[in-house]
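Residues per chain are reported as follows:
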Amino acid sequence: MALLEVEGVDVAYGRIRALSRISLRVEQGEIVTLIGANGAGKTTTLRAISGLIRPLRGAIRFDGSDLLRLTPDQVVRRGIGHSPEGRRVFARMTVRENLELGAFTRDRASEVASDLKGVLTIFPRLGERLVQKAGTLSGGEQQMLAIGRALMSRPRLLMLDEPSLGLSPLLVQTIFEVIKRISASGTTVLLVEQNAHQALAIAQRGYVLEVGKIVHEDSAANLLASDAVRAAYLGGAA
Amino acid sequence: MEIFFQQVVNGLSLGGIYALIALGYTMVYGIIELINFAHGDVYTLGTFFSLAILSAIGVSGEVHGPALIGIVALAVLSAMLLCGVTGVLIERLAYRRLRNAPRLAPLITAIGMSFILENVMQLWRGPSPVPFPQVIPNPSASFGGVVVSAKQVLVVGLAVVMMAALQVFIYNTKLGKAMRATAQDRDAAQLMGININTTIALTFLIGSALAGAAGFVSGVYYGTTWFFNGFEAGLKAFTAAVLGGIGNVAGAMLGGFLIGLVEAVATQYIPGGAQWSNVVVFSVLVLVLIFRPSGLLGESLPEKV
């Protein structure tokens, strides 16, 4: 049984259909990537899984149990961490407060403290800026904070929405290295990216979204080699 | 000069009440961007609730000794609890379903809620002013001609203690942090595992409880109230919240005390006195907003709750 199963999900914003019949699955321990152009529905898919938007129909199951009727805070408690599009750090709160809020669902202070240490080992830059307001961080640092904050809930599945957006090539490398590390430590990852090449390079499998529909689904290696995918998302005959 | 300082003392007492009410306006605005017009009436309810408690335990005049502390604590806490519950119910019944509706819908609902509360209070306690028992003995001390009464000490003291407690709660507790997070970014707060319905209800609970405390204090301070009392006080407290920077907790406190001071000083020094005090208060608001549209602390300390 897959850790996450999405089956035939439709989502609409008012009368505008955003997703039709989306189905995907993420197995325990995998990195799965969801690629596609702007507006294809990648973010909407993650928002539906998190409960931020309610699908019209379909099923979303996590570890065998139904997520559809849960509120977003209950979804977090089930073990899904979500680092949202645009980072959405709490700009007027300090880095430390942001990370502490990431652990909002957890009670054991000692475990939280050790996870905080863990996050600061992954992102030493955040350690230097703990008392700084998150709004004063650079874009790359805010991205680190958003990922670190999502990790603080100790999720079984970590969903990352465009973690490389707007970062320098060097930082993009760092972020993808970190994602590999997080995966190696046992956390399953669902990665939404426009940077298809890099995402497929670290993922086991991938889904390609086009205007609300999944048009390709394959192993990352096959998608990287596929002519159609190369033409559309990997910069042509690279 | 004594007269001036006397008015400063009077203004601070008045301002303490405005500040306590203003906190509720600013907290609710901070978290759901709604101007809760019913808030002033919750304050009036606070006075009536404490009056009902005092009557129920048979207190109709001055109380002395340790019993005084017990009775004041009982009246304040019950008024806070009852008003807090009222606020939570208002949010649950009237505002929650409109949370994603166009902004005008909850605003009109809030005005309607205000009328409902006013009419309920009119039916309950009648249309005329109702006397409030003088529970607290009112000795006063003179400092170089400036008279400070026990009631004034109570008003300012209670306001300052409540505000300090609120600050500690907002900045140093997990739930307080959840409130600030929800105010800043509701979706992101949900992704942290924060239940925003609970958090918003908590905001109404605290804001309305503070109005309840203000209601008790105003009963003691003025010795009377009536069903429409919250209209003007609410409007001035709202002015205080805007003056300080709506959504900003420290700003609401500052704004409340400033409005109280301006009103007291204007009453003293402007010929015609009391009749003109409202004109002065609202002129100050207009002037401040022309030069600082976001309020006094609206930009430098943009911490909204």
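Counting starts from 1 at the beginning of each chain's written sequence and moves along it residue by residue. Working convention: letters from A go to chains and numbers from 1 go to ligands, in the order in which they are written. Where totals are concerned, whole chains, interfaces and linings use all residues; where local detail is concerned, this predicted model gives features only for residues with pLDDT of at least 70, and gives and counts side-chain atom pairs only at 80 or more. Side-chain numbers here rest on the full set of heavy atoms in the structure, without hydrogens or water.

Caption draft 1: Expanded view of the overall build of chain B. Strands are runs of DSSP state E lasting at least two residues, helices are runs of H or I lasting at least four, and both sets are numbered from the N terminus onward. Within chain B one finds 11 helices and 4 strands. Taken over C-alpha atoms, the radius of gyration is set against a globule rule of 2.2 Å times the number of residues to the power 0.38. In terms of overall dimensions, chain B is globule-like: its C-alpha atoms have a radius of gyration of 19 Å, near the 19 Å expected for 305 residues. Seen through its principal axes, chain B has C-alpha atoms that stretch 55 × 45 × 40 Å. Burial statistics for chain B: of 305 residues in total, 54% are counted as buried. When checking whether two residues touch, look at their non-hydrogen atoms; a contact exists if any pair is within 4.5 Å. At a minimum sequence separation of 6, the contacts of chain B that also span at least 24 residues come to 79%. For the area figures, the Shrake-Rupley method with a 1.4 Å probe applies, and any residue is considered shielded solely by the protein chains shown. Carbon and sulfur atoms provide 71% of the accessible area of chain B, an area that totals close to 12,600 Å². The charge count treats Lys and Arg as positive and Asp and Glu as negative. His and the chain ends do not count. Where a charge lies is defined by one atom per residue type: Lys uses NZ, Arg uses CZ, Asp uses CG and Glu uses CD. Charge separation in chain B, taken as the distance between the mean sites of 14 positive and 12 negative side-chain charges, equals 10 Å. Three labels apply to residues, based on accessible area from a 1.4 Å probe with only protein chains included: buried if under 20% of the type maximum, exposed if over 50%, partly exposed otherwise in between.

Caption draft 2: Molecular detail of the interface of chain A and chain B. In this complex, chain A contributes 24 residues to the contact, which on the side of chain B involves 20 residues. Summed over both partners, the interface of chain A with chain B comes to about 2,100 Å²; 58% of that surface belongs to carbon and sulfur atoms. Among the ionic pairs, A:Arg47 bridges to B:Asp187, the shortest N-O distance being 3.1 Å. A 3.5 Å cut-off defines polar contacts: any pair of N or O atoms within that distance qualifies, except that in protein one atom must be a possible hydrogen donor and the other a possible acceptor, and neighbouring residues in sequence count only when both atoms are side-chain atoms. Applying the counting rule to chain A against chain B returns 9 residue pairs in polar contact (both at pLDDT 80 or more). For the side of chain A that touches chain B, the secondary structure elements donating two or more residues are α1 (42-50), α2 (72-78) and α3 (95-102) of chain A. The term buried area means the drop in 1.4 Å probe accessible area that two parts suffer when joined, counted for both and summed. Any Lys or Arg side-chain nitrogen located within 4 Å of an Asp or Glu carboxyl oxygen qualifies as a salt bridge.

Caption draft 3: Geometry of the packing of aromatic side chains. Residues and elements named next belong to chain B. Pairing of aromatic side chains here covers Phe, Tyr and the six-membered ring of Trp, requires ring centres within 6.5 Å, and sorts the geometry by plane angle: under 30 degrees stacked, over 60 edge-to-face, intermediate tilted. Taken as a whole, this structure holds 12 aromatic pairs over all chains when the rule is applied. Geometrically, the ring pair formed by Phe37 and Phe238 is tilted, given 6.3 Å between the ring centres and 55° between the ring planes. Remark: Phe238 occurs in helix α9 (residues 229-244) and Phe37 occurs in the loop between α1 (2-32) and α2 (39-56); sequence separation between them is 201 residues. For Phe37, a relative accessible area of 27% translates into the label partly exposed. Arranged with centres 5.9 Å apart and planes meeting at 45°, the rings of Tyr95 and Phe204 form a pair that is tilted. With Tyr95 in helix α3 (residues 66-95) and Phe204 in helix α8 (residues 196-222), the pair connects residues that are 109 residues apart, well separated along the chain. Each member of the pair, Tyr95 as well as Phe204, carries the same accessibility label: buried. One aromatic cluster in this structure is built from Trp226, Phe227, Phe228 and Phe231.

Caption draft 4: Expanded view of the sheet that holds strand β6 (residues 80-83) of chain A. Residue and element names in this part refer to chain A. One open sheet accounts for 6 strands, arranged β6-β7-β8-β3-β9-β10; its pairing is mixed. Each edge of the open sheet carries a strand with a single partner, namely β6 and β10 (213-219). On average, each strand axis in the sheet is inclined to that of its neighbour by 15°, with strand direction left out of account. Relative to the sheet, α1 contacts β3 (31-36), β6, β7 (157-161), β8 (188-193) and β9 (205-210), its axis offset from that of β7 by approximately 145°. Contacting β3, β7 and β8, helix α7 (residues 169-184) runs over the sheet at an angle of about 155° to β8. At least two DSSP bridges between two strands are required for those strands to pair. Where helices are involved, their axes are fitted lines through C-alpha atoms of the stretch in contact, as for all axes, and angles between N-to-C directions lie from 0 to 180°.

Caption draft 5: Representation of the side chain of B:Thr44 in the model. With respect to the helices and strands, the residue B:Thr44 is situated in helix α2. Once you skip the residues sitting within four places of it in the chain, B:Thr44 turns out to touch B:Met121, B:Thr225, B:Trp226, B:Phe227, B:Asn229 and B:Gly230.

Caption draft 6: Layout of the pattern of salt bridges. All names here are of chain A. Under the criterion given, the structure shown has 27 salt bridges over all chains. Across the pair Arg108 and Glu111 runs a salt bridge, and its minimum N-O distance is 3.0 Å. The exposure class assigned to Arg108 is exposed, which follows from its relative accessible area of 57%. Taking relative accessible area as the criterion, Glu111 reaches 26% and is therefore assigned partly exposed. Each of the salt bridges in this network shares a partner with another, and the network as a whole consists of Arg106, Arg108, Glu111, Asp115 and Arg154.

Caption draft 7: The pairing of β6(A), seen in detail. Residue and element names in this part refer to chain A. Burial along β6 is two-sided: Ile80 and His82 and Gly81 and Ser83, pointing in opposite directions, are all buried. With 4 bridges connecting them, β6 and β7 associate as parallel partners. Residue pairing for β7: Ser83 is matched across the bridge by Leu160.

Caption draft 8: View of the environment of B:Tyr171. Structurally, B:Tyr171 can be placed in helix α5 (residues 150-172). Spatially, the C-alpha atoms of B:Tyr171 and B:Gly112 are 34 Å apart, while their sequence positions differ by 59 residues.

Caption draft 9: Layout of the sheet that holds strand β5 (residues 65-66) of chain A. Residue and element names in this part refer to chain A. With respect to topology, 4 strands assemble into an open sheet ordered β2-β1-β4-β5, the strand pairing being antiparallel. Looking along the sheet, the strands with just one partner apiece sit at the ends: β2 (16-26) and β5. Pairing of strand β4 (residues 57-62) with β5 involves 2 bridges; the strand directions are antiparallel. Across the sheet, residue Phe62 finds its bridge partner in β5, namely Ser65. In the packing of α1 onto the sheet, contacts are made with β1 (4-13), β2 and β4, and the angle to β1 comes to roughly 110°.

Caption draft 10: Focus on the packing of α3(B) against helix α4 (residues 104-125) of chain B. Residues and elements named next belong to chain B. Look at α3 against α4: their axes get within 11 Å of each other, and the N-to-C directions meet at 130°. Judged by the inter-axis angle, α3 sits oblique to α4. Handedness of the α3/α4 crossing: right-handed. Counted together, Ile90, Ala94 and Tyr95 of α3 and Pro106, Thr109, Ala110, Met113 and Leu117 of α4 form the full contact between these two elements. Three categories are distinguished: nonpolar for Ala, Val, Leu, Ile, Met, Phe, Trp, Tyr, Cys and Pro, charged for Asp, Glu, Lys and Arg, and polar for the others, with Gly belonging to the last. Partitioning the contact of α3 with α4 into residue classes produces 7 nonpolar, 1 polar and no charged. Roughly parallel covers angles under 35 degrees, roughly antiparallel covers those over 145, roughly perpendicular covers 65 to 115, and oblique covers all other angles. With the far helix as reference, a near helix turned anticlockwise by less than a right angle produces a left-handed crossing, and one turned clockwise produces a right-handed crossing.

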